[in-house]
Amino acid sequence: MRINKLNIALLLGLVVITGILVLQLFLLKQAVQYEEKKFIQKAHVALLEVVSKLNANNKTALPQVNPVDEIKKDYYVVNVNNKFDSASLDFYLKNEFDKFDLVTDYEFGIYDCHTEKMQYGRYVSTNNEVYRDTMTFIPAASNLVYYFVVHFPHTSKYVYRSLQLWIIFSLVMVLVLILYVYSAFTLLQQKKYSELQKDFINNMTHEFKTPISSILISSNFILKQEAIANDEKLQKYMQMIIAQASKLNVHVEKILNLAKTENSSLGMEATGMDMSKAIHAVVENIRLKHPAAVIEVNMPQECFIRADEFHFSNLVYNLLDNAVKYSEGVPHIFLGVNKDRKHIRLSVKDKGIGMSSKHLAKIFDKFYRVNSSKTNEVAGFGLGLFYVSKICKEHKWTVSVNSKENIGTEIIILIPVNE
């Protein structure tokens, strides 16, 4: 099975973005662990400072062993080894925590060795203060007489708050991965539809070419028959059949080859031509095909441009044919050519069914057809206006459309004046 380059590129992109996301999450985890360790160290040092100042107030020496015992990462028992008052403890805790930037809620309690109960408890919030008489959540510590305990109930919140940028970046990476997967899925779906369209066109090319070839072979054979050769009227009709079948064959070749890819070149052979003459020829052809149609033409007797005459005639034919097909009752069409210093303006306007504004940006897309009752009646593949747009793009012309539902549509082509 052939490995598609697009699939490889999308897969590599997915691997790269996923790898970056995994690395980011790993680094985030490491950063969380580092911040937790830093918090523990800062809390430990701050509590050592508190003990030092309490002992300095009492003019007693520090305990010989480490006075701060970390029970959990958010729970500490601190041995003062001497009497101390609650006001001093409260003051020193605030000062030291502020100095070490420990801006988070905490609660502390003082143990009374005589009553063997928590004598004093207080919860200090960054927003407000709530006092409690006892700290029932704190058990008595063994082998200690004078000590206090400190609990940080929101350690995780403090750590994650300090890593806000890391977390935001990680969320952005997750969003990027989701958008990439969605975009890749959409792109693959569109590629699948594009391949289905190409298969359809290849099949339709064969389906069109076979009956046209049969018509041409049969018509040429019939034209040579004596009964036809002796009847001038029948001979004329047969020649018309052959001419139109030949023209249809050429159109099928060119338009379906164009429809195979939007990036294909039409191989334009631009020459100096009289667009008025070409338009008159196309108008006569449309009138033969649609005798009831009323076509008003307003243009100069001569108007020379540089263009591919074959494709220009097809462009005008497509615009007029569309205007007739999408009109209710008797079609009324206005074709105008105006010239100023910068542009030649070719306009084809009808009083047909028109279309809503939501369709205007898509009508030049390949295979796009407006969904309406009239569209269902009109046979086609949605290639006509795409072909018009392609011709204009190849000639570096500008094409635009104005349309209102139940009022009509106007297609405008601006051709730069060639000095």
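Residues numbered from 1 in each chain as written. Predicted model: local features only at pLDDT ≥ 70, side-chain atom pairs only at ≥ 80, totals over all residues. Heavy atoms only, no water.

> What is the right way to look at the packing of aromatic side chains in this model?
How two aromatic rings sit relative to each other is given by the distance of their centres and the angle of their planes. For the coordinates displayed, the defined rule picks out nine aromatic pairs. Taking 5.1 Å as the distance between ring centres and 80° as the angle between the ring planes, the aromatic pair formed by Phe-39 and Phe-152 counts as edge-to-face. Of this pair, Phe-39 sits in helix α1 (residues 5-58) while Phe-152 sits in the loop between β6 (147-151) and α3 (155-161), and the two are 113 residues apart along the sequence. The same class applies to Phe-39 and to Phe-152, which are both buried. The interplanar angle of 65° and the centroid separation of 5.5 Å between the aromatic rings of Phe-91 and Tyr-92 together place this pair among those described as edge-to-face. Members of the aromatic cluster, each reached through a chain of ring pairs, are Phe-39, Tyr-76, Phe-97, Tyr-106, Phe-108, Phe-152 and Tyr-158. (Phe/Tyr/Trp six-rings, centres within 6.5 Å; stacked < 30°, edge-to-face > 60°. Helix = DSSP H or I, 4+ residues; strand = E, 2+ residues; numbered from the N terminus. Buried < 20%, exposed > 50% of the residue type's maximum accessible area, 1.4 Å probe, protein only.)

> I keep staring at unusual backbone geometry and nothing clicks. Help me out?
Glycine aside, residues mostly have negative phi angles, and peptide bonds mostly take the trans form. Here the phi dihedral of Lys-396 falls at roughly 65°; this positive angle occurs in a residue that is not glycine. Positionally, Lys-396 belongs in the loop between α10 (384-395) and β12 (398-404). For Lys-396, a relative accessible area of 71% translates into the label exposed. With a phi angle near 65°, Asn-406 is a residue other than glycine that sits in the positive phi range. Among the secondary structure elements, Asn-406 is positioned in the loop between β12 and β13 (408-416).

> How should I be thinking about the environment of Lys-224 in this particular structure?
Its place among the elements puts Lys-224 in the loop between α4 (164-223) and α5 (226-229). Under the relative-accessibility criterion, Lys-224 is labelled exposed at 70%.

> Which parts of the structure should I look at to understand the side chain of Thr-104?
Locating Thr-104 in the fold gives a position in the loop between α2 (86-99) and β3 (106-112). Excluding its chain neighbours within four sequence positions, the residues that come into contact with Thr-104 are Phe-39, Thr-126, Phe-152, His-154 and Tyr-158. (Contact = heavy atoms within 4.5 Å.)

> Which parts of the structure should I look at to understand helix α8 (residues 309-325)?
Note that an α-helix has 3.6 residues per turn; residues three or four places apart therefore point the same way. Compared with the 24 Å implied by 1.5 Å per residue over 17 residues, the 24 Å span of α8 between its first and last C-alpha is a close match. Here α8 lies mainly inside the structure; 14 of its 17 residues are buried. (Expected span 1.5 Å × (residues − 1).)

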